[in-house]
Amino acid sequence: MLIQDAFKTATRSLTHGKMRSILTMLGIVIGIASVIILMSIGNSAQSLILNQVQGIGSNLVFILPGGSTSGKFSSPAAAQGIVVKSLKQQDVETLSREPSITAATVEVRGQGKAIFGDNDVRVTYDGVPENFFMVRNFKTTDGYPFSQSDVQSFNHVAVIGSELAATLFNNLEPVGKTIRLSNTTFRVVGVLEKKGTGPGGVNQDNIVIIPFTVAQKQLLGTDYFTDIIISANPTYTIDFVKSRIASILRQNHNIISANKDDFTIQTQADILSILGTITSTLTLFLAAIASISLIVGGIGIMNIMLVAVTERTREIGLRKAVGATDKDILEQFLIESVLLTLVGGIIGILGGALVVGLLYFGITAFSPTLGWVFSFPLIAVVLGIGVSAAAGIGFGIYPARQAGKKNPIDALRYE
Amino acid sequence: MIEVRDMKKEYLEGETPTLALAGVSFTIKKGEFVSIMGPSGSGKSTLLHILSFLDRPTGGSYTFLGKGINEMDDRELAHVRNSDMGFIFQSFNLLARLSVYDNVEIPLLYSNVAPNERKALVEEAVRSVGLAEKLYSEAGRLSGGQKQRVAIARALVTDPNVIFADEPTGNLDSASGAQVMEILEGLHKRGRTIVLVTHETYTAEFANRILRVRDGLLESDTPVVKTRNSKQEFIK
C-alpha cells in the first residue's frame, strides 16, 4: 500500500469518528500543553532570576558571614538563616585599603513596620553607609541619598522605595515627611527609582534604607553586618580580587586553613552558575511531572485503539481478503495512532503557547515591575512533536500488531 | 486453473479434532462456472475458504494457476488474493461509511495499480454492475441488492482470474438475487471463472457444474443440464 493511501485511509477512519478522535486526543493535548507550559514557566522564572542577578553588576563581589563547605550547592550559613557575626567594621576598613578593591560597602538588614499617618506597611529595612548607593547603582527620583555625615552623626534619615512611597504617602510628597520605623522616627530624604525585585527575591521598591550606624546601634543593637559588598577594581580579575578578599579576611579573623573560613565570597558568576543549575533542574522536574499526564494520555490512545481494532475486525478481515498483508494492516492502525498523537501534540503546543502568552500578559499587567519575560522554548516544541509521535508509535504498536495478526476468516465471521 | 487432490482440513474444537474436509479431489478449468452445494456443516464454506486462499488445508494438495498453496507464504497468498481472485460475501462486507467509489477502490489500494489509473478502473467496474449514478453515494445507504452489486464491482475491479461467491443471494430478496445471479452469469459468459457456494438448487443451477459436498467428502460432481429458465425459477 502506498504511504499516501495509508495516510488517506487512516485520516478517513479518524474523521468518521470525530468525537471519539477528539476525546482520544485530549489526553495528549493536555499532556503536551502541560509540558510546554511548565517548561516555559521554568524558563521564564530562570530568565527572571538570572536577569536580576545580572542586574546587580558584574564587578560586584558579595561577602556573606559564615563558611560554606566545598560543594557547589552548599550555601553559606547566613543563607540558611543562621545568625553569624563574623563580618565586622574592621573588615570593611582593611578591605577598603586594598588596591584591587574600588569600594566596600555593607548592609545590615532588619524587618519592621513603616508608619505614616494611618498607613502602615511591613518592610525590610537596610542599614547602609553612604557609598552603598554608588556601589549598588541606586538612584533617587526625588530628594537625595543620605551623606557620610548623616551616617557618622547617627541622623535619622531614610531613603524609601517607590512602591512604599506610594503606599504610605498616597499623593503626598514624601521628601521632608517623617515616618516611624520600629518605633523610631526617620525623616524621608529621598525616594528611589523603580528597581523591581532584587537578588534574594527582595522587593527593592518596598524597602527603607537608613544609615547602618542607626540600624546597628539603635534598632538592632548589633555590631556585625548582614553582608559586605565589594566593587572590584576593573583592572584586576575577579578571581584575583576574590583571593585578596579571602586572604585579608583570614588575616583579620586569624584563620589559617581555607576550610575553616567563617565567610563566603560570591561573585555574580558564582550566583549565576548556582541559580542556573537550580532553575534548570527545577524546569526539568516540572517537565517530568507534566510528562506523567502524557503517559496517561498515551495509555488512553492505546485503550481506544484496542477498542477500534475489535470494532473494526470485519473491516480488517475484508481488507485481508482483498489483498492486504499483515504489514498493511499494522501500518494503517499505526498511522492512525501516530496521526492522533501528532495532531494532539500540535494542538497541545498551540494551546500551551496560548496559555504561556496569556500568562505573560497577565503577569506583566498585574506586576509590571517584576520583569517577567516571555519564554517559549523551541526545544519544547521539538520535544512536543517528537514525544507525541513517539507516544503514537509506542502506544499504538500493540493494538496495530493485534490488528495485523488477525486471521481473515475469523475476522470476516466476527459479529 | 484449480487442482485439488485429496484435500483435508482438520480443526481443533477445544481439545477435539474435527475433520471439516476428509479428502476432496477435483479440478476447475478456466472459464468454468462451478457451484458447490451441501447442507450446513458439510464443509462447503471451508472448501471455498481454502480455494480462495483465506485458509490453508491440513492435508493433500491444492494448486492454483500451477502453484501449490503450501509453497507460498502469507504475503504471497495475499498478493494472489489481490490480483487473481475476487470475493463476494453473503453479508456484502462493505464499509458502510465510505462511498461506493471508495469501497470498490479498496483492492486497488493493495495492488500495484498507479493512483491515476484507479479512477477509470473503479468507474468501469461500478458501471458494469449498473450503479454509475451511485458512484459517490454512501454504501451504507444503498439497498441490499445495490450493496451486493457494489461488492461484485469490488470483486471485478482488479480483473481477477476467478470470482469466489459465498451465498451471494443469501441476504437478498428474490428480485435482487436474480439480478445478482444475472450479473454473475454475464461475467461467466464473458469468460470469467466463477466458484459459487450455495445451498439453493435454483441458484446453483446458474452454473454449468455442481459439486455436492457432504460430511467433508465430495458426494457428486455433475454437469448442469439447462432444462429450465433459471431466472424464472429463481423469482418463483
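Notes on the structure in this doc start here. All values derive from a computational prediction rather than experimental measurement. (Residues numbered from 1 in each chain as written. Chains lettered and ligands numbered in written order. Predicted model: local features only at pLDDT ≥ 70, side-chain atom pairs only at ≥ 80, totals over all residues.)

A few words now on the overall build of chain B. Scanning chain B from N- to C-terminus turns up eight helices and ten strands. For chain B, whose C-alpha radius of gyration is 18 Å, the value lies close to the compact-globule estimate of 18 Å for 236 residues. Burial statistics for chain B: of 236 residues in total, 48% are counted as buried. Sequence separation of 24 or more characterises 71% of the internal contacts of chain B that already satisfy a separation of 6 or more. (Helix = DSSP H or I, 4+ residues; strand = E, 2+ residues; numbered from the N terminus. Rg over C-alpha atoms; globule rule 2.2 N^0.38 Å. Buried ≥ 20, exposed ≤ 12 C-beta atoms within 10 Å, placed from the backbone. Contact = placed C-beta atoms within 7 Å.)

Our next topic: the overall build of chain A. A tally of helices and strands in chain A yields 13 helices and ten strands. With respect to the three principal axes, the spread of C-alpha positions in chain A is 100 × 55 × 35 Å. A total of 415 residues make up chain A; the buried ones form 42% of that total. Counting contacts in chain A only where the partners sit at least 6 residues apart, residues at least 24 apart contribute 81% of the total.

For the rest of this paragraph, the subject is helix H3 (residues 100-109) of chain B. Burial analysis of H3 of chain B places nine of its ten residues in the buried class, the great majority of the element. Those residues of H3 of chain B that fall on the buried side of the exposure criterion are Val100, Tyr101, Asn103, Val104, Glu105, Ile106, Pro107, Leu108 and Leu109 of chain B. Buried residues in H3 of chain B make contact with helix H1 (3-16) and helix H10 (313-321) of chain A together with helix H2 (74-84), helix H4 (115-128) and helix H5 (144-156) of chain B.

With that settled, consider the sheet that holds strand E10 (residues 217-223) of chain B. Residues and elements named next belong to chain B. As summarised here, the arrangement of the six strands in space is E6-E7-E8-E3-E9-E10, forming an open sheet in which the pairing is mixed. Looking at strand neighbours, the two that pair on one side only are strand E6 (85-88) and E10, the edges of this open sheet. This sheet shows a mean twist of 15 degrees between the axes of neighbouring strands, independent of strand direction. Contacts between helix H1 (residues 44-51) and the sheet are confined to strand E3 (33-37), strand E7 (162-166), strand E8 (193-198) and strand E9 (209-214), with E8 contributing the most and set at about 155 degrees to the helix. (Pairing = 2+ DSSP bridges. Axes fitted to C-alpha atoms, helices over the stretch in contact; angles between N-to-C directions.)

Below, the discussion takes up the sheet that holds strand E2 (residues 16-28) of chain B. Whenever strands of a sheet pair, they do so through backbone hydrogen bonds, lying parallel or antiparallel. Residue and element names in this part refer to chain B. Pairing is antiparallel in the open sheet, where four strands are placed in the order E2-E1-E4-E5. Strand pairing shows two members of the sheet lacking a second neighbour, E2 and strand E5 (67-68), which therefore form its edges. With ten bridges connecting them, strand E1 (residues 2-13) and E2 associate as antiparallel partners. Each residue of the ladder has a partner; that of Glu3, found in E2, is Thr27.

With 18 residues of chain A at the contact, the number on the chain B side is 18 residues. The set of elements that each furnish at least two residues to the side of chain A that touches chain B consists of H1, H10, helix H11 (326-366) and helix H13 (408-413) of chain A. Of all the elements, H10 of chain A adds the most residues to the side of chain A that touches chain B, at six residues. Broken down by class, the residue content of the side of chain A that touches chain B amounts to eight nonpolar, three polar and seven charged. (Nonpolar A, V, L, I, M, F, W, Y, C, P; charged D, E, K, R; others polar.)

This part takes up the environment of Ser100 of chain A. When you line up the elements, Ser100 of chain A lands in the loop between helix H3 (89-96) and strand E2 (101-116). Taking the C-alpha atoms as reference points, Ser100 of chain A and Thr235 of chain A, 135 residues apart in sequence, are found 7.7 Å from one another.

Time to look at unusual backbone geometry. Backbone geometry follows two general trends: most residues other than glycine have a negative phi, and most peptide bonds adopt the trans configuration. Residue and element names in this part refer to chain A. Phi at Phe154 is positive, roughly 55 degrees, even though this residue is not glycine. Along the chain, Phe154 falls in the loop between helix H5 (148-152) and strand E5 (157-160). Of the residues examined, Phe154 has 13 C-beta atoms within 10 Å and is grouped as partly exposed.

This next bit is on the nonpolar core. With 114 residues, the main nonpolar core has Ile36, Ala153 and Val195 of chain B as its most contacted residues. At eleven residues, the largest contribution of residues to this core is made by helix H2 (residues 18-54) of chain A. If sequence neighbours within four positions are ignored, Val195 of chain B has contacts with Ile28, Val34, Ile36, Leu48, Leu51, Val162 and Phe164 of chain B. Formed by 52 residues, the second largest nonpolar core is a distinct cluster that contains Ile101, Ile209, Ile229 and Val241 of chain A. (Core = buried A, V, L, I, M, F, W, Y, C linked by C-beta atoms within 7 Å.)

What follows concerns the pairing of strand E7 (residues 184-192) of chain A. Residue and element names in this part refer to chain A. Pairing analysis gives three bridges linking strand E4 (residues 140-143) to E7, with the strands arranged antiparallel. Along E7, the bridge assignment pairs Asp142 with Val191. Judged from the four bridges that link them, E5 and E7 form a sheet pairing that is parallel. Bridging across to E7, Val157 finds its partner in Arg187. As paired strands, strand E6 (residues 178-181) and E7 are joined by four bridges and run antiparallel to one another. What sits directly across from Arg180, in E7, is Thr185.

Residues and elements named next belong to chain A. It is at 7 Å that the axes of H11 and helix H12 (residues 378-404) come closest, and there the two elements cross at 150 degrees. Considering their axes alone, H11 and H12 lie roughly antiparallel with respect to each other. Seen from above, H11 lies across H12 with right-handed handedness. Across the contact of H11 with H12, the residue classes tally to 18 nonpolar, ten polar and three charged. (Parallel < 35°, antiparallel > 145°, perpendicular 65-115°, else oblique. Left-handed = near helix turned anticlockwise from the far one by under 90°.)

Let us now look at the packing of H3 of chain A against helix H8 (residues 238-252) of chain A. All names here are of chain A. Where H3 contacts H8, the axes come no closer than 10 Å and their chain directions differ by 140 degrees. Considered as vectors, H3 and H8 are oriented oblique to each other. Where H3 crosses over H8, the handedness of that crossing is right-handed. From H3, Gln90, Asp91, Thr94 and Leu95 reach across to H8, where they touch Ile245, Ile248, Leu249 and Asn252. For the contact of H3 with H8, the class distribution of residues is four nonpolar, three polar and one charged.

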